[in-house]
Amino acid sequence: MLTNEPRELPAAARVAVEQFPTVFGADEGQVEGLSALGVAWAPGRVNLIGEHTDYNEGFVLPLAVDRVTAFAGRARGDGRVRLWSQQFQELAEIELEGLPGTFAAQASRLPTWARYVLAVLSELKAAGLDLRGFNAVLHGDVPLGGGMSSSAALEVATAWAAALFSGGRFAIGEAMAASTALSPLEVARLCQRAEHLASGVRCGILDQAASCLGRPGQALLLDCRSLDVRYLPFESERVALVVADTHVRRELAASAYNERRQQCEEAARLLADMMRAEEEGEPGGKAARPAIDSLRDVTPELFARYAARLPEVLRKRAGYVVAENERVLEVARLLERGAVEAIGPYLWQTHAGLRDQYEVSCAELDALVEIARRVKGVLGARMMGGGFGGCTINLVRSEAVEELRSAIMEEYPRQTGRPASVEVCRAAGGPGALYWPV
């Protein structure tokens, strides 16, 4: 969304606006008649349920949160992008000319955070879009490496910033007339490709879609095969979403994330082979049964029939995914009825599956979940994100939030030797872009 009407900026965007004149000078990039700064931002996300189901073409149920990554800046007259990261206190420069062909050479000399920006700009150029250079300050308050998808927030904010600074050469959505317009879902797909390029992680579309499509007070049920979206109410004064950070940072590319995806693909292939062999052996030839293209196509009944014939590791991985898809759909039905408090047991179940079947938890995540379990008024808790560190998500009665915070702040450092942090999040809107008077 692009608007010239002033509105309240997210906190991280305000920091970026305030820092721009310090970093680049008050008049840097200013053109006659336009002293305002261009500001673009995109949110992080929490995923209520549906972990590691996106790349199995299954179902996810995320919501965008009130934590964002933001750009504040002005267009340049050339093809250079100059960025200052307020969080990392680093300057990075990107040349638009030559992209995507120069991606590898430029990435090799950039800090990690800037590679994600480069990857999005490279994908936009590969899509044939006409970009302009810009100077911008970049800042965010999405926890880095904490499972709230700071990388997707950065990618989506980059796309919105590039559209804003393009001078109408292209747009996102229907907010302005432009020669080329991308839908938010097209941006999500483009940013997913950028994530693959920048990180080497074969992620699904969950994170980028949640950032692009968020709405205040609503969760979104996303079918990761068809990309159909259904919005569900998620707003209640009776409960709160609490995110607790382990302060264990993980690199997904080195953490067996890609291995889990390969194992799921192998399990789906073996199950398809088993079903095909059985059909061919039936009298009268093949029976009419749905094909198995991914674990999305495996029902609990079908899995129970063939599970014992899978290798143990693949049986555990597939068993988790099949059960998790069922949990997502049941939670969606509860939210449709407004039964937010009833979804808690499914969070406990998901954590057990991620810990024991998918094997992506860690001691610190398990500690946070067990601390939460002992607090009266916590309805459910689980690890969130790719695993091996990051955050937990907790569904908590509103009157129990401070008791949970106190328990975590006291017990978690004692058990793990690590610091603790706790934040209350709410379902928030998606990306935004506007000109802000300075």
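Residues numbered from 1 in each chain as written. Predicted model: local features only at pLDDT ≥ 70, side-chain atom pairs only at ≥ 80, totals over all residues. Heavy atoms only, no water.

## Details of the overall build of the protein chain
For step 1, the next point in the chain: Of the regular secondary structure elements, the protein chain holds 12 helices and 15 strands.
For step 2, the next point in the chain: Over its C-alpha atoms the protein chain spans a radius of gyration of 23 Å, differing by no more than 12% from the 22 Å that the globule rule assigns to 438 residues.
For step 3, the next point in the chain: C-alpha atoms of the protein chain, sized along the principal axes, occupy 80 × 55 × 40 Å.
For step 4, the next point in the chain: A burial count over the protein chain gives 57% of its 438 residues as buried.
For step 5, the next point in the chain: Look at the contacts in the protein chain between residues 6 or more apart in sequence, and 73% of them connect residues 24 or more apart.
For step 6, the next point in the chain: Only carbon and sulfur atoms are counted for the fraction: they give 48% of the accessible area of the protein chain, which is about 17,500 Å².
For step 7, the next point in the chain: For the protein chain, the centre of its 47 positive side-chain charges and the centre of its 57 negative side-chain charges are spaced 2 Å apart. (Helix = DSSP H or I, 4+ residues; strand = E, 2+ residues; numbered from the N terminus. Rg over C-alpha atoms; globule rule 2.2 N^0.38 Å. Buried < 20%, exposed > 50% of the residue type's maximum accessible area, 1.4 Å probe, protein only. Contact = heavy atoms within 4.5 Å. Areas by Shrake-Rupley, 256 points an atom, 1.4 Å probe, with all protein chains shown as cover. Lys, Arg positive; Asp, Glu negative; His and termini not counted. Charge placed at Lys NZ, Arg CZ, Asp CG, Glu CD.)

## With respect to the pairing of strand E5 (residues 90–95)
For step 1, the next point in the chain: For strand E4 (residues 80–85) and E5, the ladder comprises 6 bridges, and the chain directions are antiparallel. In the sheet register, arginine 82 faces E5, and the bridge partner there is glutamate 93.
For step 2, the next point in the chain: Between the end of E4 and the start of E5, which pair antiparallel, lie 4 residues, with glutamine 89 showing a positive phi angle near 55°. (Pairing = 2+ DSSP bridges.)

## Some points on the confidence of the model for the protein chain
For step 1, the next point in the chain: Across the protein chain, the average pLDDT comes to 91, with 91% of residues at or above 70.
For step 2, the next point in the chain: Here residues 1–6 is a poorly scored stretch, pLDDT under 50, and it has 18 contacts once near neighbours within four places are set aside; other chains count. (pLDDT = per-residue confidence, 0-100.)

## Describing unusual backbone geometry
For step 1, the next point in the chain: Residues leucine 99 and proline 100 are joined by a peptide bond in cis, for which omega reads 5°.
For step 2, the next point in the chain: Within the secondary structure, proline 100 is located in the loop between E5 and helix H2 (103–107).
For step 3, the next point in the chain: With phi around 60°, glutamate 57 is a residue other than glycine that occupies positive phi space.
For step 4, the next point in the chain: With respect to the helices and strands, the residue glutamate 57 is situated in the loop between strand E2 (37–49) and strand E3 (59–75).
For step 5, the next point in the chain: Classification of glutamate 57 as partly exposed rests on a relative accessible area of 29%.
For step 6, the next point in the chain: Positive phi, normally seen in glycine, also occurs at glutamine 89, with a value near 55°.
For step 7, the next point in the chain: Here glutamine 89 shows up in the loop between E4 and E5.

## Section: helix H5 (residues 184–199)
For step 1, the next point in the chain: Taking 1.5 Å as the rise per residue, H5 with 16 residues should run 22 Å; its terminal C-alpha atoms sit 22 Å apart, in good agreement.
For step 2, the next point in the chain: All of the buried residues along H5 are Val187, Ala188, Leu190, Cys191, Gln192, Ala194, Glu195 and Ala198.
For step 3, the next point in the chain: The inward-facing, buried residues of H5 abut helix H3 (112–126), helix H4 (150–165), strand E7 (171–172), strand E8 (181–182) and helix H6 (206–213).
For step 4, the next point in the chain: Of the residues trailing H5, glycine 200 is marked for its positive phi of about 80°. (Expected span 1.5 Å × (residues − 1).)

## Brief notes about the side chain of serine 211
For step 1, the next point in the chain: Among the secondary structure elements, serine 211 is positioned in helix H6.
For step 2, the next point in the chain: Owing to a relative accessible area of 0%, serine 211 belongs among the buried residues under this scheme.

## A closer look at the sheet that holds strand E11 (residues 239–245)
For step 1, the next point in the chain: Taken in spatial order, the 4 strands of this open sheet run E12-E13-E11-E14, and their pairing is antiparallel. The strands lining the two open edges of the sheet, one partner per strand, are strand E12 (378–384) and strand E14 (421–425). Going from strand to strand, the sheet's axes swing by 25° on average, the running direction of each strand aside.
For step 2, the next point in the chain: The pairing of E11 with E14 spans 5 bridges and is classified as antiparallel. Bridge pairing in E14 links aspartate 245 to serine 421.
For step 3, the next point in the chain: Of the strands in this sheet, E11, E12 and strand E13 (391–397) are in contact with helix H11 (residues 363–373), which crosses E12 at around 175°. (Axes fitted to C-alpha atoms, helices over the stretch in contact; angles between N-to-C directions.)

## Some points on the pattern of salt bridges
For step 1, the next point in the chain: A complete count under the given rule lists 33 salt bridges for this structure.
For step 2, the next point in the chain: Residue glutamate 359 is joined to lysine 316 by a salt bridge in which the shortest nitrogen-to-oxygen separation is 3.4 Å. Residue glutamate 359 is located in the loop between helix H10 (344–356) and H11, and its partner lysine 316 is located in helix H9 (residues 312–336); the two are separated by 43 residues in the primary sequence.
For step 3, the next point in the chain: A relative accessible area of 23% means that lysine 316 is categorised as partly exposed. (Salt bridge = Lys/Arg side-chain N within 4 Å of Asp/Glu carboxyl O.)

## With respect to the packing of H11 against helix H12 (residues 401–416)
For step 1, the next point in the chain: Packing of H11 against H12 leaves a shortest axis separation of 10 Å and a crossing angle of 140°. As summarised for this structure, H11 and H12 are arranged oblique, according to the angle between their axes. In terms of crossing hand, the pair formed by H11 and H12 is right-handed. Contact residues: Glu364, Ala367, Leu368, Ile371 and Ala372 in H11; Leu404, Ala407, Ile408, Glu411, Tyr412, Gln415 and Thr416 in H12.
For step 2, the next point in the chain: Split by residue class, the contact of H11 with H12 holds 8 nonpolar, 2 polar and 2 charged. (Parallel < 35°, antiparallel > 145°, perpendicular 65-115°, else oblique. Left-handed = near helix turned anticlockwise from the far one by under 90°. Nonpolar A, V, L, I, M, F, W, Y, C, P; charged D, E, K, R; others polar.)

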